[in-house]
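Results of the structural survey
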Amino acid sequence: TQSTWGKFANVCHKMNPAGVIDDVIKEGNLNKQSKFWKTWRQRWFVLTPTCIYSFKAEKTYKDPTEVIPLKDCSTIKSAEDEVHKEFAFRIDCKDRTFYLTASSATEKESWIGAIGKAMVKLSARRNSEEES
């Protein structure tokens, strides 16, 4: 099978030789609901201008557990009522909805704002490239 990195290499950043992701907009711990078992796991999330990555360990940018291309995302919004968890939000993507929780209301709003802004910037950049 193809690695997560290889699968999204054409739409997401690659790590530089020092093992660091360039262009980090925001990073930090969030809890993510697993796709099949619906259990919650803490992950280190990294937002770049084109993708959201999750890793098992903080600042260990190796073998991401998820690579979410922002071009595939349509909405980001609060989801506390849906998952019955405090500080929960969701990211709706083409093939999947990701449910995440932050450690506080401030952190939740910070993530929603940063991801939403990155989605808008990417969309605007793609639209201007199509027009030229």
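Up top you'll find the structure we're talking about.
What this report covers is the structure whose coordinates are included nearby.

Calculation criteria
- Residues numbered from 1 in each chain as written.
- Predicted model: local features only at pLDDT ≥ 70, side-chain atom pairs only at ≥ 80, totals over all residues.
- Heavy atoms only, no water.
- Salt bridge = Lys/Arg side-chain N within 4 Å of Asp/Glu carboxyl O.
- Helix = DSSP H or I, 4+ residues; strand = E, 2+ residues; numbered from the N terminus.
- Buried < 20%, exposed > 50% of the residue type's maximum accessible area, 1.4 Å probe, protein only.
- Contact = heavy atoms within 4.5 Å.
- Core = buried A, V, L, I, M, F, W, Y, C linked by side-chain atoms within 4.5 Å.
- Pairing = 2+ DSSP bridges.
- Disulfide = S-S within 2.5 Å.
- Polar contact = N/O pair within 3.5 Å; in protein donor to acceptor, adjacent residues only side chain to side chain.

1. Topic: the pattern of salt bridges
For side chains of opposite charge, pairing can occur when their charged atoms come near one another. Inspection of every chain in the model, using the stated rule, returns 9 salt bridges. The salt bridge partner of Glu107 is Lys26, with a shortest N-O separation of 3.2 Å. With Glu107 in helix H3 (residues 105-131) and Lys26 in strand S1 (residues 26-33), this residue pair connects regions lying 81 residues apart in the sequence. For Glu107, a relative accessible area of 24% puts it in the partly exposed group. Of the residues examined, Lys26 reaches a relative accessible area of 15% and is grouped as buried. Close ionic contact of Asp72 with Lys71 constitutes a salt bridge, the shortest N to O distance being 3.2 Å. A relative accessible area of 36% places Lys71 in the partly exposed class.

2. Examining the environment of Arg41
Tracing the backbone shows Arg41 in strand S2 (residues 40-47). With a relative accessible area of 36%, Arg41 lands in the partly exposed category. For Arg41 and Leu30, which are 11 residues apart along the polypeptide, the C-alpha to C-alpha distance reads 8.3 Å. If sequence neighbours within four positions are ignored, Arg41 has contacts with Leu30, Asn31, Lys32 and Ser34.

3. Considerations on the nonpolar core
Counting residues in hydrophobic clusters, the biggest one holds 22 residues, and the most contacted among them are Leu47, Ile52, Leu70, Phe89, Ile91 and Ile115. Secondary-structure elements contributing two or more residues to this core are S2, strand S5 (73-78), strand S6 (88-93), strand S7 (97-101) and H3. Contact partners of Ile52, with chain neighbours within four places excluded, come to Phe45, Val46, Leu47, Glu66, Val67, Ile68, Leu70, Ile91 and Ile115. Residues Ile21, Val46, Cys51 and Tyr53 belong to the second largest nonpolar core, which totals 9 residues.

4. What about the pairing of S1?
Where S1 lies against S2, 8 bridges are found, and the strand directions are antiparallel. Counterpart to Lys26 in the pairing with S2 is Leu47. As paired strands, S1 and S7 are joined by 2 bridges and run antiparallel to one another. Counterpart to Lys32 in the pairing with S7 is Leu100.

5. Some words on the state of the cysteines
Enumeration according to the criterion identifies 0 disulfides in this entry. We note that Cys73 lacks a disulfide partner, and the nearest cysteine sulfur, in Cys93, lies 3.1 Å from it. In this structure Cys73 comes out as buried when scored by relative accessible area, which is 11%. Take Cys93: its relative accessible area is 14%, and that puts it in the buried class.

6. Some details on the environment of Gln42
One can find Gln42 in strand S2. Along the backbone, Gln42 and Phe55 are 13 residues apart, and their C-alpha atoms lie at a distance of 9.1 Å. In this structure the side chain of Gln42 is engaged in a polar contact, spanning 3.3 Å, whose partner is the side chain of Asn29.

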